[in-house]
Amino acid sequence: MKFSQTSLPDVWVITPSIYGDDRGHFFESFNDEVWKAQGFTESFIQDNQSFSKKGVIRGLHFQHAPHSQGKLVRVIQGKVLDVAVDLRPESPTFGKFELFELSAENGIMVYIPEGFAHGFAALEDTIFQYKCTNTYHKQSEGGLRWNDPFFSIPWGIEKPIVSEKDQILPTFEAIFKPTV
């Protein structure tokens, strides 16, 4: 596995070593010893999986402290445009985001730590997996509007399918009143 730092502090791209032949391929999607050897101290305590039809946008979601979640995300089937948004006011990248293309084919994973919002657009019918550092806590859930003009995220979807709940989330400026 190769670990690469992104432009957002503490967000990492993890590229597995994929071993393939005429039968198919194999890769290790997680190894606690390798994780710890890279200096990560986080432990994963909950796994989630979702299915999204092509054109679905999910997010931008987060959980408030003390129930914040770090997430190691990957695509099992399909392809997504994944996004991490830094919501840590003390961070030099507060209010910034980065995009990642994750697919079953490339096997790339992204680690998104606590203090970030996360979302994705399904570019194909997709099965998405999340390893989480904390359990889901409904009263702590939060979110930002997927089409917030503060970010102008280029989702790459012409007619997105977005849940009613995600349609009415607040904007970044309504929550954080940033000076960035």
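Everything numeric in this text was worked out from a predicted model, so none of it was measured. (Residues numbered from 1 in each chain as written. Predicted model: local features only at pLDDT ≥ 70, side-chain atom pairs only at ≥ 80, totals over all residues. Heavy atoms only, no water.)

**Side note on the pattern of salt bridges**
Argument step 1. Evaluation of the coordinates by the stated rule reveals 7 salt bridges.
Argument step 2. Across the salt bridge formed by Asp21 and Arg23, the nearest N and O atoms sit 2.6 Å from each other.
Argument step 3. Two residues, Asp86 and Arg88, come together in a salt bridge whose shortest N-O distance is 3.0 Å.
Argument step 4. Taking relative accessible area as the criterion, Asp86 reaches 0% and is therefore assigned buried.
Argument step 5. When salt bridges with common partners are traced through the structure, they connect Asp10, Asp86 and Arg88 into a single cluster. (Salt bridge = Lys/Arg side-chain N within 4 Å of Asp/Glu carboxyl O. Buried < 20%, exposed > 50% of the residue type's maximum accessible area, 1.4 Å probe, protein only.)

**What about the nonpolar core?**
Argument step 1. Judged by nonpolar contacts, the single largest core of 17 residues is most densely connected at Leu60, Val85, Leu87, Ala117, Leu144, Phe151 and Trp155.
Argument step 2. Residues in contact with Val85, not counting those within four places in the same chain, are Leu60, Lys96, Phe97, Gly115, Phe116, Ala117 and Phe151. (Core = buried A, V, L, I, M, F, W, Y, C linked by side-chain atoms within 4.5 Å. Contact = heavy atoms within 4.5 Å.)

**Points about the environment of Ile153**
Argument step 1. Inspection of the secondary structure puts Ile153 in the loop between β13 (141–143) and α2 (164–167).
Argument step 2. Counting along the chain gives 54 residues from Ile153 to Leu99, while the straight-line C-alpha distance between them is 8.6 Å.
Argument step 3. Ile153 has contacts with Leu60, Val83, Phe97 and Leu99, leaving out every residue within four places of it along the chain. (Helix = DSSP H or I, 4+ residues; strand = E, 2+ residues; numbered from the N terminus.)

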